[in-house]
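One-letter residues, chain by chain:
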Amino acid sequence: DKLESQPLHAISSAFDAYCYCAWVTVEYQSMAEKVSTALRRNLGEELACLVTAMPNLANILGDDFNFSQSNNNDTAVDAQKRLRYLFCQFV
């Protein structure tokens, strides 16, 4: 199980760094707003799961993003599958 989670950690770390750069760089603000709109529209409440894996994504989503973790009753396997799906949607 640990070997399976390592690739997800590497991906989430890379995208978290990307989200930080997109937030702090003024020329990417327009892109960040478009990404935020698309993610909100397509993923809705599931965004909380992505923000857990990539905290800097919250900066792109803005101050009005409600970070309430949904589906806390998932097993580790279900949560990992959901996170894998969400990463595919994010990319």
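Higher on the page you've got the structure.
Residues numbered from 1 in each chain as written. Predicted model: local features only at pLDDT ≥ 70, side-chain atom pairs only at ≥ 80, totals over all residues. Heavy atoms only, no water.

Draft legend 1. Representation of the overall build of the protein chain within the structure. If you tally the helices and strands in the protein chain, you get five helices and zero strands. Sequence-ordered secondary structure for the protein chain, helices as α and strands as β, is α-α-α-α-α. A total of 91 residues make up the protein chain; the buried ones form 31% of that total. Carbon and sulfur atoms make up 55% of the accessible area of the protein chain, which totals about 6100 Å². (Helix = DSSP H or I, 4+ residues; strand = E, 2+ residues; numbered from the N terminus. Buried < 20%, exposed > 50% of the residue type's maximum accessible area, 1.4 Å probe, protein only. Areas by Shrake-Rupley, 256 points an atom, 1.4 Å probe, with all protein chains shown as cover.)

Draft legend 2. Up close: the nonpolar core. Counting residues in each nonpolar core, the largest one holds 18 residues, and the members touching the most others are Leu-47, Leu-50, Leu-57 and Phe-90. Contributions of two or more residues to this core are made by helix 1 (2–24), helix 2 (29–43), helix 3 (47–53), helix 4 (57–61) and helix 5 (76–90). Leave out the neighbours within four places in its chain, and Leu-47 touches Leu-39, Arg-40, Leu-57, Leu-61 and Phe-65. (Core = buried A, V, L, I, M, F, W, Y, C linked by side-chain atoms within 4.5 Å. Contact = heavy atoms within 4.5 Å.)

Draft legend 3. Quick peek at helix 2. The end-to-end C-alpha distance of helix 2 is 21 Å, a good match for the 21 Å that 15 residues give at a rise of 1.5 Å each. Where helix 2 is concerned, the buried positions are Ala-32, Ser-36, Leu-39 and Leu-43. Along helix 2, the residues classed as buried sweep out an arc of 75° about the axis, all on the same side. Exposed and facing more than 90 degrees away from the buried side of helix 2 are Glu-33, Lys-34, Arg-41 and Asn-42. Gly-44, located one to two residues past helix 2, shows a positive phi value of around 55°. (Expected span 1.5 Å × (residues − 1). Arc of directions from axis to C-beta.)

Draft legend 4. Broad picture of the environment of Phe-15. Looking at where Phe-15 falls in the secondary structure, it is placed in helix 1. Along the primary structure Phe-15 and Phe-90 are separated by 75 residues, whereas in three dimensions their C-alpha atoms are 9.5 Å apart. Not counting residues within four places of it along the chain, the set of residues in contact with Phe-15 comprises Met-54, Phe-90 and Val-91.

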